Amino acid sequence: MKGSGSRPRGRAQGIVALCSLATLWISSCFGAPLRGVEYDGTRVPVVDMHLHPGEWEDLPDRTQQFVGSRLPSPINLDPGPAAQGSISPEGILSEMDRGGVSQSVLFAVYAPRTVGITTNERILSDMSRSPQRFFGLASLRVDRWQTDQEQELARLRDALSRPGMIGIKLAHAHMHFRFDDPRYYPIYQLASDLQKPIYLHTGTSPFIGTSQERPYTDPAYFEAAIQQFPNAKFILGHLGYDFGRQQHDALETCVRLARSYPNVFLEPSALGSRGSDPTGRNLRAAMRAMKDAGLVDRIIYGSDGPQSPGFVRDYLQRTVAAMRAEGYTLDEARAVLSRNFARVFAVPEASL
Amino acid sequence: MRALTVTTALAAHLLPSFANAQSAEAPPSWTTTDAVGGAPSRGSWGVHAWGGWHSFGARGYGAITDRLAIAGGFESVLAIRWRPFVALNVRFVDTARFRLSGEPSFGWLLQRGEFTKLGPSAELRLRMALKFGRVVPFVTLATQLTTLADRTVIDSANGSRTEWSFRHELAFIGDLGLAIAITRAFGLEVGAGYPWYDAPNGVPLPRFFLGIHVGAAR
């Protein structure tokens, strides 16, 4: 009796399970994409604070080659159309949907001798395609600083006055100015005055033409500026990673600076990608070091995508795996993936 | 390239008794078998054209002895990467059910588009085919080495100077397919492959193709 009764029930459960799976599959194909990532049985919203939009034609040749090398063969024979599909606002939204990312931050870049130029105006235009999901970081040219400083600062101030433009992006190594050069302190003063956080690329870079010397890559050289502008918020991107040797170089320095100064935040993007950290060991080491130092409330998630199709999702999955491996709690994961971002940039918390 | 040719030719001459003994047992050939397995008999000739995503190409051949044929043709990927070539096809094994041939070739890589590549290219290809009447499953394996020359012109206050540098590109190619002889002189094929250009960089995507064979088999 018991046996004959359990068989139909089991069959019914199987049918229900199949229907649920089918519904999930159909909704994932035709419905709104599922947002967030699952952590300890709960879906957590995600903000990716580091994405690069742009125009393929605006990239320098060497950057085009670098981007092309990340695409599968033979797509990389003619990488322009594929890459443009990823770095257009629609492409970025699609990549965000694939990863379950609710909101992201688009970076302006002015590094004509290395990674190229993505103007503030371009970022504002891209943001307008989806104001609820895109924020922007503005930037400025520093290669004619002696003559154009006032003009560039005025343009930056104007860009930062626009809705959604929530901070400043700088990459000393790509833009060829030292971390400890006081001639550029007016940028940090402006950030302090306007209460707009500054994102700093730290560590080396795979792009040809980068200033790879320590004053351009080691955040220890930035300590004087951090001290001098206690009301400015500084986000140390990539945790000083050495992308050439694929190993940590200034992780300890980043952790020390964040422990010493309440205005320092940490962003572990790019260093944990398949190309830069094939085993995932370095990303786990970074997540462990920051947690052990009691700095979980200073970590802001970013990927440095879109790079290639699927990268945004892949990097998020690798980061979540690293957090799980290092014992991050649900609250800590939520802080890293969205809550810290909202607090630091003074924006509403992202929802699923 | 020359070393490859000599090695393959020597291998063929070191195995003459085996190859001849087996070919004596072999049934009359089909153009389809010659096209996908190589090693046509003396006097045979044919043209083999194939295409699909993401590659296409054509190859003509003519046998000058029972174990040696000359071939020439081209391959292209997305009409961006082209490689015209000439080749020597050498019979290694030919039985009633199996054929194996080697094909060293010399070509020239011409890749246009945003990342131009130009340079001489050598390839060694193995062709294997099973014979089940009109149905001929086949496998081809190839490795390709291309030397790429980069010219840099530096304009300075002291005038212009030109610098040359050289790189190598390695490729591995594997194809698996099924060919069907419609008549002795005409056949069709369908297949898939995995060409890894610029190995070990990047992640390759597979290719899929259809092909036709036309010719005369002796």
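These numbers come from a predicted model, not from an experiment.

So, how was this worked out
- Residues numbered from 1 in each chain as written.
- Chains lettered and ligands numbered in written order.
- Predicted model: local features only at pLDDT ≥ 70, side-chain atom pairs only at ≥ 80, totals over all residues.
- Heavy atoms only, no water.
- Helix = DSSP H or I, 4+ residues; strand = E, 2+ residues; numbered from the N terminus.
- Buried < 20%, exposed > 50% of the residue type's maximum accessible area, 1.4 Å probe, protein only.
- Contact = heavy atoms within 4.5 Å.
- Areas by Shrake-Rupley, 256 points an atom, 1.4 Å probe, with all protein chains shown as cover.
- Polar contact = N/O pair within 3.5 Å; in protein donor to acceptor, adjacent residues only side chain to side chain.
- Phe/Tyr/Trp six-rings, centres within 6.5 Å; stacked < 30°, edge-to-face > 60°.
- Lys NZ or Arg CZ within 6 Å of the ring centre and 35° of its normal.

1. Looking at the overall build of chain B
Now for step 1: The helix and strand tally for chain B stands at three helices and ten strands.
Now for step 2: Its helices and strands in sequence order give chain B the pattern α-α-α-β-β-β-β-β-β-β-β-β-β, from N to C terminus.
Now for step 3: Each of the 218 residues in chain B was classed as buried or not, and the buried ones make up 44%.
Now for step 4: Intrachain contacts of chain B at a sequence separation of at least 6 include 55% that bridge at least 24 residues.
Now for step 5: Counting only carbon and sulfur atoms, one obtains 69% of the accessible surface of chain B, whose full area is about 10400 Å².

2. Topic: the environment of Leu188(B)
Residue and element names in this part refer to chain B.
Now for step 1: By the element assignment, Leu188 lies in strand S9 (residues 186-199).
Now for step 2: Remark: the alpha-carbon pair of Leu188 and Arg207, spanning 19 residues in sequence, is separated by 17 Å.
Now for step 3: The residues contacting Leu188, other than those within four sequence positions of it, are Thr32, Leu178, Ala179, Ile180, Ile182, Gly211, Ile212 and His213.

3. Let's talk about the environment of Glu123(B)
Residues and elements named next belong to chain B.
Now for step 1: Note that Glu123 resides in strand S6 (residues 117-130).
Now for step 2: A C-alpha to C-alpha distance of 24 Å links Glu123 and Thr31, two positions 92 residues apart in sequence.
Now for step 3: One polar contact links Glu123 to Gln144, side chain to side chain, over a distance of 2.7 Å.

4. Some thoughts on the packing of aromatic side chains
Residues and elements named next belong to chain A.
Now for step 1: What the rule picks out here adds up to 19 aromatic pairs over all chains.
Now for step 2: With a centroid separation of 5.2 Å and 25° between ring planes, the pair formed by Trp145 and Tyr184 is classed as stacked. One end of the pair, Trp145, is in helix H6 (residues 145-160); the other, Tyr184, is in the loop between helix H7 (172-175) and helix H8 (185-194), with 39 residues separating them in the sequence.
Now for step 3: Judged by relative accessible area, Trp145 falls into the buried class, the value being 5%.
Now for step 4: Of the residues examined, Tyr184 reaches a relative accessible area of 7% and is grouped as buried.
Now for step 5: Where Phe222 meets Phe234, the ring centres are 4.9 Å apart and the plane angle is 85°; that geometry is what we call edge-to-face. Residue Phe222 is found in the loop between helix H9 (214-217) and helix H10 (223-228), and its partner Phe234 is found in strand S10 (residues 234-237); the two are separated by twelve residues along the sequence. Each member of the pair, Phe222 together with Phe234, is buried.
Now for step 6: Joined through ring pairs, the aromatic side chains of Phe179, Tyr185, Tyr188, Phe222, Phe229 and Phe234 make up one cluster.
Now for step 7: In this structure, Lys291 is placed above the aromatic ring of Tyr328, and the distance from its NZ or CZ to the ring centre is 5.4 Å.
Now for step 8: The ring of Phe265 carries Arg298 above its face, with NZ or CZ at 5.9 Å from the centroid.

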